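Reading the structure
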Amino acid sequence: MASYKPVVIPAVPKLGEKITQDTLYWRGYKTPVQIKEFGAINKIDFSPVPPYNYAVTASSRVHIYGRYSQEPIKTFSRFKDAAYCATYRDDGKLLVAGSEEGSIRLFDISGRAPLRQFDGHTKAVHVVGFLSDKYRIFSGGDDYSSSLWDIPSATEIVSYSEHSDYVRCGCASKLNGDVFITGSYDHTVKVFDARTKSSVMTIEHGHPVESVLLFPSGGLLVSAGGRYVKVWDVLKGGQLLVSLKNHHKTVTCLCLNSSGQRLLSGSLDRHVKIYSTTSYKVVHSFNYATSILSLALSEDFFVSKPGRCIMRKYDKLLKSFQSSKALDAVLEPHIRLYTPEVTVAVMQELNRRGTLRSALAGRDEKQISLLLTFVTRRVIEPRFTPVLITVADMITDIYQPVVGQSALVDKQFLRLQEAIGREIDYQEELLEVLGMMDALFATLTEKRATYLEENKSNGLTKTLDQDISI
Amino acid sequence: MPCVQRAELRGGRAAVRFRSRKMVAPAALRVVRCGGRAMHGARAVFSVGARFLLCASGDFVKMYSVATEELVQLLRGHSDLVTGVQLAPHNRLQLYSSSLDGTIKLWDFTDGILIKTFTVGYQLLALYALPSSEDSVFVIIPKSGERDTFQLVSVKLTKAAGQDMEAKELSVVLEGVDASPKCTAFGREGEYVASVKDVNLQVYFFKQKQLNRFSLRATNKKGGNNVFTCVACHPQEDCIATGHADGKIRLWRNFNHKKEYTFSTLHWHHDKVLDLAFSLEGTSLLSGGVESVLVQWHCGSDCKRDFLPRLGSAIEYVSISSDGTFYCTSHTDNRITIINSNLRFSKTIQGLIKARDVKTGLVVDPRTKALVLNGEPGHLQFYCLQSDKQLYSLDIVQQEYIHQAGLNQSDLVRVAFSAQGKWLATVEEREETDLELQLKLWFFDEETQSFKLNTRISMPHEDHITAMCFRDTDEMEDDSLMLVTTGRDCVFKVWVILEDTDPEAQQSLSWSCDFVGSYHSYQATNCCFSEDGSLLAVSFEETVTVWDSSTWDLKCTFCHPPGKIRSICFGRLTCSKYLIGATDHGFLCCWNLLSCALEWSAHLNVVVLQPDPLSEHIAAVSWLFKESSLFVFKPNEARPICIQRKFCKERIQFAAFVPRDVPETIGSEKYLWLRRSQLFFLTDTQELMTVSTKSAQERLTLSSKQLAVEESLPVTPFSLLLGKHRHQQSQGDVDLGKIVHHHHEQDSPAVKELLHTPAHVLPSASFLCPIFINSLLVSKENKSTEETPDEVEMESEEAEDDSDEENSVTEMKQEDKMPLESLGETTHRLSKSEEKELRKIRKVDYSWISVF
């Protein structure tokens, strides 16, 4: 059986910036929480398991922060020099970090002292990470080499020295426990398979690679370097799919959202840009005060809400046939000013029910003045014109006998008249222009579409004329 | 006899096929009503135990199952509108019905048997049966000699045996009563009768033979309208409730005194109270009116009332089941709502909804083959022709409908489906000082299996939209889809799908205007695409213009003055080069598109022009001398194929060809056009009709009967299992199913004989074993083939019986119900062939015994 149908608010296409789903979503991120660290932060990593704590690597410390407090929950500070790239394992229990002195340390989240230490790199290790089989670690160092380590035995399994410059970024495939990727300042990205002795693929990025990223599917690879973000199709042998140039300074970091539908890039130009991974267009961008060095996005939190149909106040009143109160409800400032279409839609609904006149009647000076202000302001908007003309007609009809009793109301009436007069002048001018254009068009090819426009504006002026004659 | 019945039940379809072959020669086109009969002729009645609901529907009484809403029984026999349905007071399994044809009929409604017919001889306008007076019922009849005056009389019903009775023993109870059955009610235990007319209430006490009259002023001080509209009596107290035209309800007490009577007033309704009913114990009063809200007043506390709002349309009748568990409201739009006693909506029984005004015409949904037309206000109803049921109702306007007289509310005026039913376009309008128009485009969502609003265009035209059509091309590529609307603002507009390039957008498709065309500022009245979609014909008053649909160039114009074009259509298939137009000066013109010349024209006042989508045929319905005639023709011949003059006395408003699921076998050349699709009409009075050859109609009734029989089986887990089994069987070939069925029937008697004989009489097991085994072996191929001609013979006999029309149909129906009644013992009853079989077996058995 039917239930009450709420008033339909007609949607009118808005000019100007289009508000998309994305804008709304990303706008939901509030102004950032600023946490001061002593050195440049080179890596932020969110724990993949609730409560989604995040590890911040800065100078010689790794701090773990919680969601609410801005004080670190935990600090790992067993580094002699700068620490780099503290990364969580998939299960959120282990954390690995490289360091300036060339050793890699593995921490248990609950403990303090490192569980393992991997030595072998001769220079600073800027990138470390877990392979997806959880038992191996890959690393890339400033000694141009990238290595693979076994966690239980703390030994090096294999070392690749294929890059010809610093290895500064890398990531592991989520699908294959043997595949990882490193990016280097030698402008290349290399794909390694732990089962082979050498790299399986080399991709020329063209700029020093600052960040690499694999899509969850493993088929697409994103690399950032210089001002470019490039997307490569790994399955097609490293073919360039798209090259994005939306930043005007070096892109330092990349990140995917949990669903894999949005790509985020942070840059030294103080912007974070969000791309759609289907169209590779920027759907949103954030602006920050300083250059972005690292960027991480936590899993989406979803709080499921039971689907409850909220009935608006005016709908409740309309449902119980309280037309006057319903009109009052939509003349509240926040509705009247920000969503005039709601006010007009309710007026139209009242008119449809034949109760608009009684809803408008019996109001005091203040309310009439308020109504007239609303009408004066909105009557010239084409989408509201037909309804508001009816409303204006009714108001003049109802309150004709009391004209002259209140200076306030009289002033409003005069303003309404003025507004309509101005609109008519405007329409006349438009018609003149249209006539000129018609003359121009007539000399060119005949075009039928102009008939329509002419009719429209004619109709509008006609109704306005009628109104003023009343 | 039982054999024939079973054949009817099982192999109904085969029998009909045979019959139709026989009927070829005398086949004649008949107009058959197929829906839209008003279901609100009288108050609906619940059977005892509230298992069935009985209601008057046109000339019939329909019995619906309360649990499943299915039609279980159709009681036919009256020859005019049924005006009253009442359970017989002395036997609750029987039913009295009265009709305008002047008869009261007594039915056994569970089996659908007419027991008796009492001929009264007057038009019967209402019927009341009371437990206190066993041998008589009360009816309202027109007073002889005077127009528009009616009297309440009691009719003595003789108990003598016999089917047809004369009931001439009438005694007048009240004079000057209202004709409406709602305006008279009988009080507690039949002690008094209350009747209202205009502003007068009269109460007659049977025992005291006392008549009290009370009258109100026509209007009161506040301008209320005091006219009585309905009356109800409290079942246990001396209390009368009356409804009034201004929405008041008055409760009268103490009315056995002429002067000291009192009344209290209940007021909630803002318009006429249409019906009142007291609950079983009289603790609450139900009232319904134009507002379509059922109001329950609690008699103890005056102000307390409960509502069940938004019942769809005005409530015409309210009734209560005898145990008080269900309420039922009959609505003006041909619908019955069943409501639980705690005012929870339970079910609706609805056929074709009667809209106030059908503006959309008859449209066929290509997906479901359902007829689509205006339903509830602002809704589109999808009406299934096969089951006479509404499939669903689509809310188009999506606004709260206010049930109030004199309000101008949006209504649906145009509907069009794309060729595959993927898109639906609707136009709604509301006209007050200025016109509000909305064009909505709906997309069929496969997931939810319903239409979803895609685009809403407000004010697509400056004036009324006169016609709308989709381009009927292959919908595989969406970009070719196109919608054309014509308006009285002298333009036609072409709408196309616009694809949003952003794949992230919520909906990628939307519609927008592509082209606006006009012709000499004449009003555009009709539009039509050619079959291949390359040409568009738009009629502008007197002129038909033909446009190229790819470049939008005006190709040519046709004109046949004087007279405006009423409707146009293109020919199909082999006749695609023709364009047909009907003018309102009574001409039917056919233009050749290749030569751009008039091919032929005929003088015919065509009101409806309808092409068959599956063949070249075009049906034209003319209206002349207050009678409709049907002409079916092919555009390439000026001579009609089929003429059916004066086939309907009512004006036909719309027509539609509905494709058949299975092509009909029609022998006659003349009716070949009915082979692939069926033609339906909607008349002025919103009755849905179809033309059919006789055989087809019989098939319909047969299949519906079979359904009904199955439906009335009680639902037990076992019957569900059985039903599943039966369903699977019917999936297979009909004939095959029959043979399989016979196997079952054949082995059962032999086994039964074994099982039913008392153990002490039975011979030893060694004797019985071969019998048993033999009984299992009996079913041989040759025997079953022997049987089939036998059966066909019988059916053909019956077919001949049936060839004369309705009398035999009703008889047959009664016969049909017998197996239903004795379903438990069907296995006992054996067909002739089976008996023969049994005898054979016996013979074999005895020989076996003698050998031993």
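Residues numbered from 1 in each chain as written. Chains lettered and ligands numbered in written order. Predicted model: local features only at pLDDT ≥ 70, side-chain atom pairs only at ≥ 80, totals over all residues. Heavy atoms only, no water.

What about the interface of chain B and chain A?
Counting residues at the interface gives 28 residues for chain B and 27 residues for chain A. In this structure, the connection of chain B to chain A is made through two salt bridges. The partner of A:R352 in a salt bridge is B:E436, with the nearest N and O atoms 3.5 Å apart. In terms of residue class, the side of chain B that touches chain A is built from 10 nonpolar, six polar and 12 charged. (Contact = heavy atoms within 4.5 Å. Salt bridge = Lys/Arg side-chain N within 4 Å of Asp/Glu carboxyl O. Nonpolar A, V, L, I, M, F, W, Y, C, P; charged D, E, K, R; others polar.)

A short note on the sheet that holds strand β48 (residues 578–583) of chain B
All names here are of chain B. Ordered in space as β47-β48-β49-β50, the four strands form an open sheet in which the pairing is antiparallel. The two strands at the open ends of the sheet, each matched to only one other strand, are β47 (565–570) and β50 (597–603). Between one strand axis and the next, the sheet turns through 20 degrees on average, direction left out of account. Alignment of β47 against β48, held across five bridges, turns out to be antiparallel. Counterpart to I568 in the pairing with β48 is G581. (Pairing = 2+ DSSP bridges. Helix = DSSP H or I, 4+ residues; strand = E, 2+ residues; numbered from the N terminus. Axes fitted to C-alpha atoms, helices over the stretch in contact; angles between N-to-C directions.)

Observations concerning the environment of A:S184
All names here are of chain A. Take S184: it is sitting in strand β14 (residues 179–184). It is 6.7 Å that separates the C-alpha atoms of S184 and H163, two residues lying 21 residues apart in sequence. With residues near it in sequence (within four places) discarded, S184 still touches H163, D165, Y166, V167, R168, P208 and V209. Of the polar contacts made by the side chain of S184, one reaches the backbone oxygen of D165; its length is 3.3 Å. (Polar contact = N/O pair within 3.5 Å; in protein donor to acceptor, adjacent residues only side chain to side chain.)

Looking at the nonpolar core
One finds A:L327, A:M347, A:L360, A:V375, A:L388, A:V391 and A:I395 to be the most contacted residues of the largest nonpolar core, which totals 40 residues. Looking at this core, the elements that each hand over two or more residues are α2 (313–319), α3 (323–330), α5 (340–353), α6 (356–360), α7 (365–378), α8 (385–399) and α9 (407–443) of chain A. Ranked by the residues each element gives to this core, the list is headed by α8(A), at eight residues. With residues up to four places along the chain from it excluded, the contact list for A:I395 reads A:L360, A:L371, A:L372, A:V375, A:Q400 and A:F413. In this structure, B:L535, B:V546, B:F558 and B:L593 belong to the second largest nonpolar core, which totals 29 residues. (Core = buried A, V, L, I, M, F, W, Y, C linked by side-chain atoms within 4.5 Å. Buried < 20%, exposed > 50% of the residue type's maximum accessible area, 1.4 Å probe, protein only.)

What about the confidence of the model for chain A?
All names here are of chain A. Taken as a whole, chain A shows an average pLDDT of 82; of its residues, 86% reach a score of 70 or greater. Averaged over each element, pLDDT in chain A is lowest for helix α10 (residues 449–469) (43) and highest for α9 (91). pLDDT under 50 marks residues 449–470. Its contacts with residues more than four places away, or in other chains, come to 30 contacts. (pLDDT = per-residue confidence, 0-100.)

Comments concerning unusual backbone geometry
The phi angle of most residues is negative, glycine excepted, and most peptide bonds adopt the trans form. Residue and element names in this part refer to chain B. Located in the positive-phi region is E69, a residue other than glycine, with phi close to 65 degrees. Looking at the secondary structure, you find E69 in the loop between β4 (60–65) and β5 (71–75). What makes E69 partly exposed here is its relative accessible area of 27%. With a phi close to 55 degrees, Q449 is a non-glycine residue in the positive phi region. On the secondary structure map, Q449 appears in the loop between β37 (435–445) and β38 (450–458). Relative accessible area serves as the criterion here: at 48%, Q449 is assigned to the partly exposed category.

Things to note about the packing of aromatic side chains
Under the definition given, this model contains 45 aromatic pairs over all chains. Centre to centre, the rings of A:F118 and A:W149 are 5.7 Å apart; their planes meet at 50 degrees, and the pair counts as tilted. Note that A:F118 is positioned in strand β8 (residues 114–118) and A:W149 in strand β11 (residues 146–150), a separation of 31 residues in sequence. Overall, A:F118 belongs to the buried group, its relative accessible area being 0%. Using a relative accessible area of 1% as the deciding quantity, one classes A:W149 as buried. Members of the aromatic cluster, each reached through a chain of ring pairs, are B:F492, B:F515, B:Y519, B:Y522, B:F540, B:W547 and B:W552. Here the guanidinium or amino end of A:K230 rests over the ring plane of A:Y228, the centre of that ring lying 5.4 Å away. Lying over the aromatic face of B:F60, B:R76 brings its terminal NZ or CZ to 5.7 Å of the ring centre. (Phe/Tyr/Trp six-rings, centres within 6.5 Å; stacked < 30°, edge-to-face > 60°. Lys NZ or Arg CZ within 6 Å of the ring centre and 35° of its normal.)

Re the sheet that holds strand β26 (residues 305–308) of chain B
Residue and element names in this part refer to chain B. With antiparallel pairing, the four strands of this open sheet are ordered in space as β23-β24-β25-β26. Unpaired on one side and paired on the other, β23 (273–278) and β26 mark the two borders of the sheet. Across the sheet, the mean angle from the axis of one strand to that of its neighbour is 20 degrees, orientation sign disregarded.

A closer look at α5(A)
All names here are of chain A. Here α5 contains 14 residues, and its C-alpha end-to-end distance of 20 Å stays within 8% of the 20 Å for a straight helix at 1.5 Å per residue. Among the 14 residues that make up α5, 14 are buried, leaving the element largely enclosed by the rest of the structure. Positive phi appears at G354, one or two residues downstream of α5, with a value of about 75 degrees. (Expected span 1.5 Å × (residues − 1).)

Remarks on the confidence of the model for chain B
Residues and elements named next belong to chain B. Overall, the prediction assigns chain B a mean pLDDT of 78, with 79% of residues at 70 or greater. Low pLDDT, under 50, characterises residues 1–27; the predicted model gives this stretch 48 contacts beyond four residues in sequence or across chains. Interface confidence in the predicted complex, given as ipTM, is 0.70; pTM for the same model is 0.66.

Some points on the pattern of salt bridges
Residue and element names in this part refer to chain B. In this structure the tally under the stated criterion is 35 salt bridges over all chains. Between R253 and E237 there is a salt bridge, and its shortest N-O distance comes to 3.3 Å. Of this pair, R253 sits in strand β21 (residues 248–253) while E237 sits in the loop between β19 (228–233) and β20 (239–244); the two residues are 16 residues apart in sequence, bridging distant segments of the chain. Assessed through its relative accessible area of 33%, R253 is described here as partly exposed. Between E627 and K649 there is a salt bridge; the shortest N-O distance is 3.2 Å. With E627 in strand β53 (residues 627–633) and K649 in the loop between β54 (642–648) and β55 (652–659), the pair connects residues that are 22 residues apart, well separated along the chain. The exposure class assigned to K649 is exposed, which follows from its relative accessible area of 63%.

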